Amino acid sequence: MSGEKESANVWQSIWRGVKCRCPRCGKGWLFHHYVEQVAHCANCKEPLARYKVGLLLPLVVITIMIHILAFVMLEMELNGYGNPLIYLYVLVPLSVIVPIAILPSSKGAIIGLLWAKGWSDELDR
Ligand SMILES: [Zn+2]
């Protein structure tokens, strides 16, 4: 199998990943349990398990988190909610819920990118 994907549209693949769909056909689901990757797309049989997101995933999730938290903190300060207790009640749940919510889409986006570029862990096979 050659790694050529004949001008695969990178952004389309990433967007399909964000929607937790197969980067090739956009129809089959990318995960079966929360963020557990499927071995093959149920629709087009594209092998997906060989695209390993590794440490890129926490990097992406943390980067998104920092932007969300910074924005929320700034908004709270500007609107006079700078009370440490309110901070605690808002930011602590937020920093737990948001990563859980954005994890599948973040992982999907990275898989979409890896797929579009042909960066699998089986490049030479
Ligand atoms: Zn597919």
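Just above sits the structure.
Residues numbered from 1 in each chain as written. Predicted model: local features only at pLDDT ≥ 70, side-chain atom pairs only at ≥ 80, totals over all residues.

(A) Spatial organisation of the packing of helix α1 (residues 10-18) against helix α3 (residues 84-117). Running from N to C, α1 and α3 cross one another at 150°; their axes reach a closest spacing of 6 Å. Judged on the interaxial angle alone, α3 and α1 are roughly antiparallel. The way α1 lies across α3 gives a crossing that is right-handed. Seen from α1, the contacting residues are V10, S13, I14, R16, G17 and V18; seen from α3, they are S105, G108, A109, I111, G112, L113, W115, A116 and K117. Residues of the contact of α1 with α3, tallied by class, amount to eight nonpolar, five polar and two charged. (Axes fitted to C-alpha atoms, helices over the stretch in contact; angles between N-to-C directions. Helix = DSSP H or I, 4+ residues; strand = E, 2+ residues; numbered from the N terminus. Parallel < 35°, antiparallel > 145°, perpendicular 65-115°, else oblique. Left-handed = near helix turned anticlockwise from the far one by under 90°. Contact = placed C-beta atoms within 7 Å. Nonpolar A, V, L, I, M, F, W, Y, C, P; charged D, E, K, R; others polar.)

(B) Just the nonpolar core, in detail. Ranked by size, the top nonpolar core spans 13 residues in total, and within it L48, Y51, I110, I111, L113, L114 and W115 carry the most contacts. Contacts of I111, omitting those with residues within four sequence positions, involve G17, P23, L30, L48, Y51 and V53. (Core = buried A, V, L, I, M, F, W, Y, C linked by C-beta atoms within 7 Å. Buried ≥ 20, exposed ≤ 12 C-beta atoms within 10 Å, placed from the backbone.)

(C) Unusual backbone geometry, seen in detail. Within the chain, Y34 stands out as a residue other than glycine whose phi angle is a positive 50°. Mapping Y34 onto the fold places it in the loop between β1 (31-33) and β2 (36-37). Since 9 C-beta atoms lie within 10 Å of it, Y34 is described here as exposed. In this structure, K45 is a non-glycine residue whose phi angle is positive, near 65°. K45 gets classed as exposed once you count the C-beta atoms within 10 Å, which come to 12.

(D) Layout of the environment of L78. Relative to the assigned elements, L78 resides in helix α2 (residues 56-78). Taking the C-alpha atoms as reference points, L78 and P104, separated by 26 residues in sequence, lie 32 Å from one another.

(E) Broad picture of the environment of V96. Position of V96 relative to the elements: it lies in helix α3. Sequence separation between V96 and M65 is 31 residues, and the spatial gap between their C-alpha atoms is 9.9 Å.

Purely geometric numbers; function is a separate question.
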